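# Descriptive analysis of the structure
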Amino acid sequence: MRLLTPRWLMTRAVMALPIWIGAANAAPTDRLREMLQHMPVEGVSTTSPLLAIYADPGAVDRADGPPSQVVLGSMIWPLAALSMAGRDVWSAETGMPAGEIGSFLTFGQPPKTVTIWGHLPNAEKHLKPNLQERGFTAVTDMPGIYGNGEPMVPNLARQSLGNPWRGAAGQASFIAFDDCAIIQATTPEAVAAVSDPGQTVAALVFVKTALDAIDSAAGDALITQAAFFSTAAGLDHALPEGCLSADPKTFQELAASLQSEIETPQSGIPPYFGGFLADPDFRSPCTFDCGHLSQLR
C-alpha cells in the first residue's frame, strides 16, 4: 500500500481537509456525491466530530479485486448485519438479493440515525410487494413511509443480528423509497425530512472543494469508504462562534475571520469547516471483513 501525502486545501471561504490512503485503481467520487444529496444541510450543525459514514462495498466487486475489508462498514447497521449473518440470511431478512447491494450513507446522532441505501435500481420492485411479511405497515398520515414497530423502542423478541430492518436491540425501522434509493431511519419524521431535504450538504462549497481534491489525488481509484468529519474533530480550543451553523450567510460572514486565522502562523490544524477521510484502495488493511461480498456476482 502506498501512503499519499495529506494535502491541505484553502479557499477564501473555507478550508477542507481531505486525506487519502491507498493506491489508485479507478473511480471518482460520483457515487459519494450522489449519496450526499440525500443529507440535509442541517446535518453539519452538530458538535459531533463525525458527521457521516459512507461505504461502497460493491466497488470491490466491480474492480474484480480480492475480498474487501471495510472498517467503516461496521458503523453502518445493514453492513454490520451482513458481516455477522452472511449473505443468505441477510438476503432472506432484507427481501433483496445480496448481489444487488449498493452503497450506503449513515448520518445523524444515535439513536436518531438515518441510513441511505443507494444505487439500488430494483429495490422497490423486490421489497415493496413483501413489506407486510417483514412487519411493515403504512405510517398513518405520512404517505409513502412504512414502519415495522414503535420508534426507538427496544424489542428483544424481534432481535435478529442478520436483519437490517431491526436495530441491535430489535428497534423498529421506518423506510421510504426514493428513485434508486431506500431511506431508512429510526423515526418516521426523520424519513420525511430526508425525503424532502431542501438544501443538502452536497451543495456546500467546502464539501465540493474536498471531494474535488479527492478526485484529483485518487485518479481512477474506487472509493470504498469515507468519513465526513466536522470542525469538532481534533480541536483543542473553543469553536469559533457560528462555525457549526448550517446557515450559508453565517458561512460567508465567518469566512473573513477564518481567512485571517488561516494566514496567521500557528501549530496544528488551521480552522476549517469540515473534511473527508477517504479510502480509494480495496487492498487497504482494515478490520471489518466484508468477505461475503466477493461471492456476490
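Everything below is about the structure shown above.
Read on for a plain summary of the structure. Remember, it's a predicted structure, so these values are computed and weren't measured experimentally. Sequence order sets the numbering: in each chain, residues are counted from 1 along the sequence as written. For this predicted model, a pLDDT threshold of at least 70 governs which residues receive local features, and a threshold of 80 or more governs which side-chain atom pairs are given and counted, while totals over whole chains, interfaces and linings are taken from all residues. As a rule here, side-chain values cover all heavy atoms of the structure and leave hydrogens and water aside.

Only buried residues count toward a nonpolar core. Its members are Ala, Val, Leu, Ile, Met, Phe, Trp, Tyr and Cys residues joined through side-chain atoms within 4.5 Å. Classification of residues uses two cut-offs on accessible area relative to the type maximum, computed with a 1.4 Å probe and protein chains only: under 20% is buried, over 50% is exposed, and between them is partly exposed. The biggest cluster of nonpolar side chains holds 39 residues, and the ones touching the most others in it are Leu36, Met39, Leu105, Ile116, Phe228 and Phe276. Numbering of helices and strands starts at the N terminus; helices are DSSP runs of H or I of at least 4 residues and strands are runs of E of at least 2. Among the elements that take part in this core, helix α7 (residues 205-218) stands out by supplying five residues, more than any other. Here a residue-residue contact requires only that any non-hydrogen atoms of the pair lie within 4.5 Å. Here Leu36 is in contact with Leu105, Thr200, Val201, Ala202, Val207, Leu211 and Phe276, once residues within four sequence places are set aside. Counting 24 residues, the second-largest nonpolar core is a separate cluster that includes Ala55, Ile76, Leu79 and Phe177.

Moving on, we get to the environment of His119. Within the element layout of this structure, His119 appears in the loop between β6 (112-118) and α5 (123-127). By relative accessible area, His119 is classed as partly exposed at 22%. Sequence separation of His119 and Phe104 is 15 residues, and the distance between their C-alpha atoms is 8.8 Å. Leave out the neighbours within four places in its chain, and His119 touches Arg31, Glu34, Met35, Glu100, Gly102, Ser103 and Cys180. At a separation of 2.6 Å, a polar atom in the side chain of His119 contacts the side chain of Ser103. Definition of a polar contact: a pair of N or O atoms within 3.5 Å, with one able to donate and the other able to accept a hydrogen when the atoms are protein atoms, and with sequence-neighbouring residues admitted only if both atoms are side-chain atoms.

Every buried residue belonging to helix α3 (residues 77-85) is among Pro78, Leu79, Ala80, Ala81 and Leu82, and all of these are buried. In this fold, the buried residues of α3 make contact with β4 (50-55), α4 (87-94), β5 (103-109), β6 and β10 (181-185). Positioned one or two residues after α3, Gly86 has a phi angle of 90 degrees, which is positive.

Another aspect to go through is the environment of Val153. Along the chain, Val153 falls in the loop between β8 (146-147) and β9 (174-178). Taking the C-alpha atoms as reference points, Val153 and Ala169, 16 residues apart in sequence, are found 8.7 Å from one another. Residue contacts for Val153: discarding those within four places in its chain leaves Gly170, Gln171 and Ala172.

Just to be clear on terms, a salt bridge is a Lys or Arg side-chain nitrogen sitting within 4 Å of an Asp or Glu carboxyl oxygen. Tallied over the full model, the rule gives five salt bridges. In this structure, the salt-bridge partner of Arg33 is Asp212, at a minimum N-O distance of 2.8 Å. Pair noted here: Arg33 is in helix α1 (residues 30-36) and Asp212 is in helix α7, with a separation of 179 residues, a long-range link. Taking the shortest distance from any N to any O, the salt bridge between Lys128 and Glu124 comes out at 3.3 Å. A relative accessible area of 36% places Lys128 in the partly exposed class. Residue Glu124 is classed as partly exposed on the basis of its relative accessible area, which comes to 34%. Among the charged side chains, a salt-bridge network with shared partners connects Arg33, Asp212 and Asp215.

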